[in-house]
Structure formats: C-alpha cells, structure tokens
Number of protein chains: 4
Amino acid sequence: MFAFRLDARSGVPTFLQLVSQVRQAILLGYLQPGDQLPTVRQVAAELTINPNTVAKAYRELEREGLAAARSGQGTFIQATTASSVDPATYARLRHALRRWVHDAHAAGLDHERVAAVMASVLDETAGREGVA
Amino acid sequence: MFAFRLDARSGVPTFLQLVSQVRQAILLGYLQPGDQLPTVRQVAAELTINPNTVAKAYRELEREGLAAARSGQGTFIQATTASSVDPATYARLRHALRRWVHDAHAAGLDHERVAAVMASVLDETAGREGVA
Amino acid sequence: MFAFRLDARSGVPTFLQLVSQVRQAILLGYLQPGDQLPTVRQVAAELTINPNTVAKAYRELEREGLAAARSGQGTFIQATTASSVDPATYARLRHALRRWVHDAHAAGLDHERVAAVMASVLDETAGREGVA
Amino acid sequence: MFAFRLDARSGVPTFLQLVSQVRQAILLGYLQPGDQLPTVRQVAAELTINPNTVAKAYRELEREGLAAARSGQGTFIQATTASSVDPATYARLRHALRRWVHDAHAAGLDHERVAAVMASVLDETAGREGVA
DNA sequence: GTGGTCTAGACCACC
DNA sequence: GTGGTCTAGACCACG
C-alpha cells in the first residue's frame, strides 16, 4: 500500500516525517487521487508509535487538502493534487540522477557527502533547506 | 566567515539546522580544521535567535568531535578525518548536478518536486536521510 | 526511587553533580538497566532547582549511553555493560572501608582530612579523578 | 616544589581545582607553614593556563587565611593552619587504605568503581560530596 | 569579550 | 502527564 519509514535520530517531529513522505509521494505520482492511505492503526502498529501521532499527521494532510478522511472507511488522497508531470519524465530524471549518484560514489563520496552536495546545490537554486 | 541560514517553516529545530550546516560544510571541505566559527553572539545577532540556541548547536558539534570551544576565544573546527575528496571532483559533481536540476526544471518540475526526486533517489541508495 | 543530593558550595555545576550520582549508582549496581529515574519535574521540585538543569543532566546521561528518555514516559537506565561485580564483594569492601574511616576518625582526622587521604591515595593509583 | 594537576573534563572551575589541591596538601601536611607555593607565572606556564586564573586561586587561598603573598617574593603557606595530625598516623592510614584499594582491584573493581565506593562511604559519614 | 551555567517561563511533541 | 525546544536575561570562568 504505502510504507512509512522513520528516522528517530533526525530530530524532526514524527508526525512531520509522515506528512512529508505522503506529500513527496504525491508530488512524484506514487500516490494518486483516490489511493487509500494505511489506517491510523496500521501505521501505528507498524512503526510502534502512538496512534495519536499518526492521526495528527493525517489531520495535517487534510488541512493541506492533500487527503480526506471518509468516516469508517479510511483516509484517501484527494483529487485536487495531481502531479501534472509525465511519469516517463520522472523515470528519465530518476535514471539520470541515479547515474550521477553512481558517479559520485565512484569518485569516493560516501552517502553523507552525496547528500551534502545535493543539499548544497538545491540550496543554490532556491532559498530553502531541502535535504536537511 | 561562515553564514548560517534558517528555515523556520521546516519544523526542524533551529539548533539542528545549525549543526547540519556546519557538518555539511565540513563534509564538502568548505570548513577546514582550525577555521573559526562565528561566535555564539554573532550568530545569535545575525539570525535574531537566542544565544543559548546557538550555544546548544555548538555544544552538539563539540560532542560529535567536529568542533572545539576555546573559552574566551571562540569555537573552532577540529582536525578530524578530513574530507579526502578532491575539490576538483566536487566541482565536477556539482556542475553535473546543476545541469540535472536545470533539466528537471525544464521538464516542468518545481523546486519541491526536484527535492522530492533527489530525496527518493537518495533513499534508494541508503536507508536514511530523506527530505524531512 | 532514587534520591539526589546537592552540594551548592562545592563549585561543581549542579547538572554535573546529578550526572555523577547516577553514574556512580550504576557502577555500584544501585541502579539497574530498566530502572526509571525520577522525572525531570520530580527532581526539580525536590531539589528546588530548575527543570532545565535536570533535563541537562539527563541529556548528558543519554549522551553517555547510560540512560534513555522515552518521551511521555520518563527516563530509564540503559542496558549497558552491567556492573559485573558481585554485590557481596561490594558489601565486604564497603564494610572494610567503613572500618578504615572509623579508624581515621579515631586517629583524629576530621571528614575533610579523611576525604583528602582518600583522594590522594586514589590519585596515586591513577592519574585522574581527585577530590576537586 | 609543589605540582598542580588539572582535569579539564571534570567541569570544576580551574581556579577551584588549584585551591582544593593546596588545601588538601595542607591538610595532609605536605605543605607546611612557610613553604612557598610556585609563582603565578610558573604555574600558568606549566599548566598553560591564564595567569589571572592562578592569581585568582591564590587570592582565594589568602582570603581563607591559608596562604599569604609577600610582595615581590611569592606566596607562602600561613602558620595558622597546621595539620595537628601526626605524620606517622597519616603514613599508617595511607598504608592501610592502599591495601584496601589493592584488595578492591583484586576483587575486580576498576578505578572508577573504587572511586565510587569511596565516595559513597564518605557520603554516609557526612552530608557532603567528597569524591565527585 | 568569549563560552558555560542557571533560572524562569512559554510552547510543542508525544503517550 | 512526559521529555524537548526556545526565549530572555543574570551571573560566572576564562583570556
């Protein structure tokens, strides 16, 4: 269905990590309008976190208009948030980026350094923190 | 000397943002062993945050062995396992990645989507550190 | 549960006194893995110090891997390299040392001098940790 | 003459460490009335600390009546602070305590644990922190 | 003037 | 209710 992952050491609030992952999956077209998110209880059980925390994340997604809860059925991705980018384009870009990462590793950069370069290039092109 | 930037909306604790930026700058070779970080008071004034918050970030860097405070003098980058990656290599990789970002923008991806693709490709190659 | 005590006159930072006492209790087997430390607020109330000071001590213990905070539950002793010294042995040694202290008092040494002798003998056997 | 040692990691203010060591040496009879302390500059050079810090420690010793500065000559232990405990008694007690430490080591206690037992027994006999 | 400690009190994340 | 973050501001140790 959709798998969440958590990084407890990142210092990022748990519920925000969940929200980000859904938002990102929507942006990349992995989650389509109408797709169902795992239930609060499923997520809570899988990640061994408090259901309230999951509920809070879903509430935030609703607030942003990205998802909608249907009482008694679950939470679903909203129609208004389509990706508008061609999946083939994504595939091409991902492929190219994977090659770049491969290059970087070949040049001796470890995962951390690769992330650092990505973050710094991202920062150049916009005023915001990307890969923190 | 060294410029910090903050993203208040990211939900990432301020002191962690500071820590990440120094860590990243060290990884990329922007900060070398012996370099002085701006003083606690300078950073606090520049970002209009509380000196304690900056101090906390610096303490964390010290804990990680990346920096060392010299009372009355300032805080300095430690001689750690240096970068060991050729600056020219970094330049080449950054250049290539910038071209990729340019491509992605040309294909219609906004900044958020670019970040999302980067994060997801990064996640493929290791189990950690997404765009959170 | 576990009782802290403070010596305001010692010049040792409050949070360090707390840290030392927990560390020492672990070494002596008084605190076992899984034991809960009193909550930040309890300690702060009992010693009439600021909760932040207690939190700082607990964070330091966490940093050393001796304790772990569970948000919303409390702070607990970690399963570390346990004491591995027989309680009976401790009892025997404590008993013998108490006799020595008694002797010293009988010989006219006050508490300060007793502490001074202990500290200097300790210093002989290792280059660190005196009565500072 | 008299050798100071510092433990930078202890968190105890430098000048207090110096004061304690002199106080302790007087208590144990190592420093006798009339004995000269090393000059501020000597100590500062030897420990590579700021002369002001040493001066502050000596000022504190003067304030406590333990030492007195003679302008242009140096700082000397005051007559009023004699030990009143027989050196032979000290020797005997030290010897016994060394045997106890030896025993403890033989029983498997490392230096830290030995210190911990000493500290806890000390604490029993008085309301103050000895070996912190 | 530097970093470090402590207090006081607000607010947040999580159980 | 728990711990965590941040602010504000005082005071100390050190150079």
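Calculation notes
- Residues numbered from 1 in each chain as written.
- Chains lettered and ligands numbered in written order.
- Predicted model: local features only at pLDDT ≥ 70, side-chain atom pairs only at ≥ 80, totals over all residues.
- Heavy atoms only, no water.
- Least-squares fit on C-alpha atoms with pLDDT ≥ 70 in both.
- Contact = heavy atoms within 4.5 Å.
- Near = heavy atom within 4 Å.
- Polar contact = N/O pair within 3.5 Å; in protein donor to acceptor, adjacent residues only side chain to side chain.
- Helix = DSSP H or I, 4+ residues; strand = E, 2+ residues; numbered from the N terminus.
- Nonpolar A, V, L, I, M, F, W, Y, C, P; charged D, E, K, R; others polar.
- pLDDT = per-residue confidence, 0-100.
- Buried < 20%, exposed > 50% of the residue type's maximum accessible area, 1.4 Å probe, protein only.
- Pairing = 2+ DSSP bridges.
- Buried area = accessible area lost by both parts, 1.4 Å probe.
- Salt bridge = Lys/Arg side-chain N within 4 Å of Asp/Glu carboxyl O.
- Axes fitted to C-alpha atoms, helices over the stretch in contact; angles between N-to-C directions.
- Parallel < 35°, antiparallel > 145°, perpendicular 65-115°, else oblique.
- Left-handed = near helix turned anticlockwise from the far one by under 90°.
- Expected span 1.5 Å × (residues − 1).
- Arc of directions from axis to C-beta.

**Q** Summarise the relation of the copies chain A and chain B; cite the residues concerned and give the values.
**A** The transform that puts chain A on chain B rotates by 179° and translates by 0.1 Å along the axis, for an RMSD of 0.4 Å. A rotation of that kind, with that shift, is consistent with a two-fold axis. Residue by residue, 98% of the interface of chain A is reproduced at the interface of chain B, so both copies engage with the same surface.

**Q** Kindly report on the protein's contact with DNA strand E, identifying the contributing residues and their values.
**A** Near DNA strand E you find 25 residues, and of these Thr14 and Asn50 of chain A together with Thr14, Asn52 and Thr53 of chain C are the closest. Counting only atoms of DNA strand E within 4 Å of the protein, the fraction found in sugar and phosphate groups is 68%. A distance of 3.0 Å separates a phosphate oxygen of DNA strand E from a polar backbone atom of Asn50 of chain A. In this structure, a phosphate oxygen belonging to DNA strand E sits 3.0 Å away from a side-chain N or O atom of Lys56 of chain C. For the surface near DNA strand E, the secondary structure elements donating two or more residues are helix H1 (14–27) and helix H3 (51–63) of chain A, helix H2 (40–47), helix H3 (51–63) and strand E3 (74–77) of chain B together with helix H1 (14–27) and helix H3 (51–63) of chain C. The greatest single-element share of the surface near DNA strand E, amounting to three residues, is contributed by H3 of chain C. A breakdown of the residues in the surface near DNA strand E according to their chemical character gives seven nonpolar, 14 polar and four charged.

**Q** Talk me through the arrangement of the chains; I want residue IDs and the actual numbers.
**A** Separated throughout, chain A and chain C approach each other most closely at a C-alpha pair spaced 11 Å apart. The two units chain B and chain D remain apart, with a minimum C-alpha distance of 11 Å.

**Q** Go over the confidence of the model for chain A, please, and point to the residues and values.
**A** Taken residue by residue, chain A gives an average pLDDT of 86. The fraction at 70 or more is 91%. Contacts of residues 127–132 of chain A to residues separated by more than four positions or lying in other chains number 20 contacts, the stretch itself having pLDDT below 50.

**Q** Got a sec to walk through unusual backbone geometry? Specific residues and values, please.
**A** One non-glycine residue, Thr48 of chain A, lies in positive phi territory at about 50°. With respect to the element layout, Thr48 of chain A can be found in the loop between helix H2 (40–47) and H3.

**Q** Explain the pairing of E3 of chain B to me, using residue names and the numbers behind them.
**A** Residue and element names in this part refer to chain B. Burial of the side chains of E3 extends over both faces: Gly74 and Phe76 are buried on one face and Thr75 and Ile77 on the other. Across two bridges, the pairing between strand E1 (residues 36–37) and E3 is antiparallel. Bridge assignment links Gln36 to a residue of E3, and that residue is Phe76. By the bridge criterion, four bridges tie strand E2 (residues 67–70) to E3 in an arrangement that is antiparallel. What sits directly across from Ala69, in E3, is Thr75. The turn linking E2 back onto E3 is made up of three residues, and Gly72 within it adopts a positive phi angle of 85°.

**Q** How would you explain the protein's contact with DNA strand F if you had to name every residue and give the values?
**A** Near DNA strand F, the surroundings consist of 24 residues, among which Thr14, Asn52 and Thr53 of chain B together with Thr14 and Asn50 of chain D are the closest. Across the atoms of DNA strand F situated within 4 Å of the protein, the share located in sugar and phosphate is 67%. At 2.2 Å from a phosphate oxygen of DNA strand F is found a main-chain nitrogen or oxygen belonging to Thr14 of chain B. Contacts to DNA strand F include Gly72 of chain C, whose backbone N or O atom sits 3.2 Å from a base oxygen. Mapped onto the surface near DNA strand F, the elements with two or more residues apiece are helix H1 (14–27) and H3 of chain B, helix H2 (40–47), H3 and strand E3 (74–77) of chain C together with helix H1 (14–27) and helix H3 (51–63) of chain D.

**Q** Which residues make up the interface of chain A and chain B, and what are the values?
**A** If you look at the interface, chain A gives 54 residues, while chain B gives 55 residues. Carbon and sulfur atoms supply 65% of the area buried between chain A and chain B, which totals about 4800 Å² over both sides. Summed over the shared surface of chain A and chain B, the result is eight salt bridges. Arg92 of chain A is the salt-bridge partner of Asp103 of chain B, the closest N and O atoms lying 3.8 Å from each other. For the pair chain A and chain B, the number of links is 10 residue pairs in polar contact (both at pLDDT 80 or more). Looking at the side of chain A that touches chain B, the elements that each hand over two or more residues are H1, helix H4 (87–106) and helix H5 (111–125) of chain A. Broken down by element, the side of chain A that touches chain B gets its largest block of residues, 15 residues, from H5 of chain A. Residues of the side of chain A that touches chain B, tallied by class, amount to 28 nonpolar, 12 polar and 14 charged.

**Q** Quick rundown of the sheet that holds E3 of chain C? Include the residues and the values.
**A** Residues and elements named next belong to chain C. Strand order across the open sheet formed by three strands is E1-E3-E2, with antiparallel pairing between neighbours. The strands lining the two open edges of the sheet, one partner per strand, are strand E1 (36–37) and strand E2 (67–70). Those strands touched by H3 are E1, E2 and E3, and its axis lies near 120° from that of E2.

**Q** Describe the packing of H2 of chain A against H3 of chain A, naming the residues involved and giving the relevant values.
**A** All names here are of chain A. The contact between H2 and H3 brings their axes to 8 Å, and the two run at 125°. By the angle class used here, H2 and H3 are oblique. Read as a crossing pair, H2 and H3 show a hand that is right-handed. On H3, the residues touching Val40, Val43 and Ala44 of H2 are Pro51, Val54, Ala55 and Tyr58. Counted by class, the contact of H2 with H3 contains seven nonpolar, no polar and no charged residues.

**Q** Explain the environment of Ala45 of chain A to me, and be specific about the residues and the numbers.
**A** Residues and elements named next belong to chain A. Relative to the assigned elements, Ala45 resides in helix H2. We classify Ala45 as exposed; its relative accessible area is 54%. Along the sequence, Ala45 and Lys56 sit 11 residues apart, while their C-alpha atoms lie 15 Å from each other.

**Q** Please provide a residue-by-residue account of H3 of chain D, values included.
**A** Residue and element names in this part refer to chain D. Spanning 13 residues, H3 covers 18 Å between terminal C-alpha atoms, matching the ideal 18 Å at 1.5 Å per step. Among the residues making up H3, those that are buried are Val54, Ala57, Tyr58, Glu60 and Leu61. Projected down its long axis, H3 carries its buried residues within an arc of 155°, all on one side. Residues of H3 that are exposed and point over 90 degrees away from its buried face: Asn52, Arg59 and Arg63. Just beyond H3, the residue with positive phi is Gly65, at close to 75°.

**Q** Could you give me a rundown of H2 of chain C, with the residues and numbers involved?
**A** All names here are of chain C. Considered for burial, the residues of H2 that qualify are Val43, Ala44 and Leu47. In a view along the axis of H2, the buried residues occupy a sector of 100°, so they form one face of it. Those residues of H2 that are exposed and angled more than 90 degrees off the buried face are Arg41, Ala45 and Glu46. Against the buried residues of H2 lie H1 and H3. Looking at the residues trailing H2, positive phi occurs at Thr48, about 45°.

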